[in-house]
Amino acid sequence: DTGVSQDPRHKITKRGQNVTFRCDPISEHNRLYWYRQTLGQGPEFLTYFQNEAQLEKSRLLSDRFSAERPKGSFSTLEIQRTEQGDSAMYLCASSPKVRISGNTIYFGEGSWLTVV
Amino acid sequence: RKEVEQDPGPFNVPEGATVAFNCTYSNSASQSFFWYRQDCRKEPKLLMSVYSSGNEDGRFTAQLNRASQYISLLIRDSKLSDSATYLCVVSGGYNKLIFGAGTRLAVHP
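Residues numbered from 1 in each chain as written. Chains lettered and ligands numbered in written order. Predicted model: local features only at pLDDT ≥ 70, side-chain atom pairs only at ≥ 80, totals over all residues. Heavy atoms only, no water.

**Q** Even after reading the chapter, I still don't get the packing of aromatic side chains, so can you show me in this structure?
**A** To describe a pair of aromatic rings, you give the distance between the ring centres and the angle between the ring planes. Taken as a whole and assessed by the stated rule, the structure comprises 12 aromatic pairs over all chains. Between B:Tyr25 and B:Phe33, the ring centres sit 4.9 Å apart and the planes meet at 45°, which makes this aromatic pair tilted. Looking at B:Tyr25, the relative accessible area reads 2%, which means it is buried. An aromatic cluster is present here, built from A:Tyr35, A:Phe45, A:Phe107, B:Tyr36 and B:Phe99 joined pairwise through their rings. Taking NZ or CZ as reference, B:Arg41 lies 4.0 Å from the ring centre of A:Trp112, over its face. Taking NZ or CZ as reference, B:Lys96 lies 4.5 Å from the ring centre of A:Phe45, over its face. (Phe/Tyr/Trp six-rings, centres within 6.5 Å; stacked < 30°, edge-to-face > 60°. Buried < 20%, exposed > 50% of the residue type's maximum accessible area, 1.4 Å probe, protein only. Lys NZ or Arg CZ within 6 Å of the ring centre and 35° of its normal.)

**Q** It is not clear to me how the interface of chain B and chain A should be interpreted in this structure. Could you clarify?
**A** When the parts of a complex come together, some accessible area is lost, and that lost area is often used as the size of the interface. With 22 residues of chain B at the contact, the number on the chain A side is 25 residues. Carbon and sulfur atoms supply 53% of the area that chain B and chain A bury against each other, a total of about 2,000 Å² over both sides. Along the contact surface separating chain B from chain A lie one salt bridge. When the shortest N-O distance is used, the salt bridge between B:Lys96 and A:Glu56 registers 2.3 Å. The tally of links between chain B and chain A comes to five residue pairs in polar contact (both at pLDDT 80 or more). When residues of the side of chain B that touches chain A are traced back to their parent elements, those giving at least two are strand 4 (33–38), strand 5 (45–50), strand 9 (84–91) and strand 10 (97–99) of chain B. At three residues, the largest contribution of residues to the side of chain B that touches chain A is made by strand 4 of chain B. Taken together, the residues of the side of chain B that touches chain A sort by class into nine nonpolar, eight polar and five charged. (Contact = heavy atoms within 4.5 Å. Buried area = accessible area lost by both parts, 1.4 Å probe. Salt bridge = Lys/Arg side-chain N within 4 Å of Asp/Glu carboxyl O. Polar contact = N/O pair within 3.5 Å; in protein donor to acceptor, adjacent residues only side chain to side chain. Helix = DSSP H or I, 4+ residues; strand = E, 2+ residues; numbered from the N terminus. Nonpolar A, V, L, I, M, F, W, Y, C, P; charged D, E, K, R; others polar.)

In structure tokens:
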């Protein structure tokens, strides 16, 4: 499968614990995006990378959140000291270095986080 | 104010009905527009792009009014399989997509 893959697909954690999600984009894609989707809402932009550079971060990305893409390939999203409000689906997407379009961005299946 | 606003629904319609969804966006500089479909607990998937001249794909018709910053999606002859959430999406500059909260559609027999 050469699509965007995310791991783990599901995570249940206790409040206060740290969690990390991994995203493997399509191999030739320069851009990698993280979105968060809570119940009843659309995906909300968190951050994006072009190669290893993090070029934009949303105000939604509090100090407890950190994303990296160290070698311009896979990316990790870490949430420290999780809170119940962090329960959501975390979506990763990748695209080549062209003007963003629905035809050029590919989403992973998402990582579901439940904080209890 | 959210950048992309949609009526959350739900829209409950019988099979064969015609249903229309509306969306407004706040950034007049937005260049590209899309409708995505999202099934329960799945990732969003592109349904169709939206062009200024309006475009049709089978039972689906999308319209864009740049002057009013308004986008619409019309679904004719609704099928049970059309039940999903429909997300209005605009480009946020060159590099990212901005999603609306989605409109839920339930088609019943």
